[in-house]
Amino acid sequence: PCAVALGAEATFVGRTVDTFVKDQRALLGEANAHMGSSFVEILQNCNIFNDGAFDSITDRKTRADRIINVVHGEPLIYGAEGEEKGLRLTRQLKVESFDLTDDNRDECLVHDETNAVIAMLLARMRGPLPVAFGVLHRVERACYEAQVHDQIDQAKQNPKAGDLRTALLGNNFWTVEPEHADSL
């Protein structure tokens, strides 16, 4: 779902899971405050049809290795303390996980919410890579409502712009001559 929202040019895309209530509340608040099209994917368990579908992600024992909380401007690091891993790009522009050390820390990809390519890579990550949670993509762009109001304000600058009578009864007509009527 996040990849589809990114492809549709949503200006805010995030992901969370239903059991992380505090994170979910914060993410939904950010999405609501965003001026533009917001999309939040919430991985939600259903006791009837897919009970335990996200246990591999949310289980406290394995969670550190299965999820990555992305924060703008921060390196993409996950894993249990002392066993941290990072994410980096390969030469083929694929995301790969690597064991993090002091010597290779600078290889870690840094999250940039304004970068749609990074957002798409994070949205499409699947095992053995961790699932990305948080704000995957956020850009500020003129939203539809603001553009409509700007267009109306510009039209009001021309005193004849809003005159329907002049538009309908004006002298800007064209006529279809009988010899050309067959080609229509």
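Structure: above.
This is a predicted model, so every value here is computed, not measured. (Residues numbered from 1 in each chain as written. Predicted model: local features only at pLDDT ≥ 70, side-chain atom pairs only at ≥ 80, totals over all residues. Heavy atoms only, no water.)

### Some remarks on the side chain of Glu113
Then step 1. Inspection of the secondary structure assignment puts Glu113 in the loop between β6 (95-99) and α5 (116-123).
Then step 2. Under the relative-accessibility criterion, Glu113 is labelled buried at 11%.
Then step 3. Residues within four places of Glu113 in sequence aside, it is in contact with His72, Val135, Leu136, His137 and Arg138. (Helix = DSSP H or I, 4+ residues; strand = E, 2+ residues; numbered from the N terminus. Buried < 20%, exposed > 50% of the residue type's maximum accessible area, 1.4 Å probe, protein only. Contact = heavy atoms within 4.5 Å.)

### Description of α5
Then step 1. Burial in α5 covers these residues: Ile118, Ala119, Leu122 and Ala123. Buried residues of α5, seen end-on, are gathered within an arc of 135 degrees and therefore sit on one face of the element.
Then step 2. In this structure, the buried side of α5 is in contact with α1 (2-7), β1 (12-17), β3 (67-70) and β7 (131-138).
Then step 3. Taking the backbone nitrogen of Val117 as reference, a side-chain oxygen 2.9 Å away marks Asn115 as the first, capping residue of α5. (Arc of directions from axis to C-beta. Polar contact = N/O pair within 3.5 Å; in protein donor to acceptor, adjacent residues only side chain to side chain.)

### Notes on the sheet that holds strand β2 (residues 38-43)
Then step 1. Taking strand neighbours across the sheet as the criterion, the four strands line up as β2-β1-β7-β3 in an open arrangement whose pairing is mixed. For this open sheet the edge positions go to β2 and β3, each flanked by a neighbour on one side alone. Between one strand axis and the next, the sheet turns by 20 degrees as a mean value, whatever way the strands run.
Then step 2. Alignment of β1 against β2, held across six bridges, turns out to be parallel. When the bridges of β2 are listed, Val13 appears paired with Phe39.
Then step 3. Docked against the sheet, helix α2 (residues 21-33) engages β1, β2 and β7, running at close to 165 degrees with respect to β1.
Then step 4. Packed on one face of the sheet, α5 meets β1, β3 and β7 and runs near 155 degrees to β7. (Pairing = 2+ DSSP bridges. Axes fitted to C-alpha atoms, helices over the stretch in contact; angles between N-to-C directions.)

### Let's talk about the pattern of salt bridges
Then step 1. Here the structure, examined in full by the defined rule, presents seven salt bridges.
Then step 2. The closest approach of N and O atoms between Arg15 and Glu41, which form a salt bridge, is 2.8 Å. Taken together, the residues span a long stretch of sequence, with Arg15 in strand β1 and Glu41 in strand β2 at a distance of 26 residues. For the pair formed by Arg15 and Glu41, the shared burial category is buried. (Salt bridge = Lys/Arg side-chain N within 4 Å of Asp/Glu carboxyl O.)

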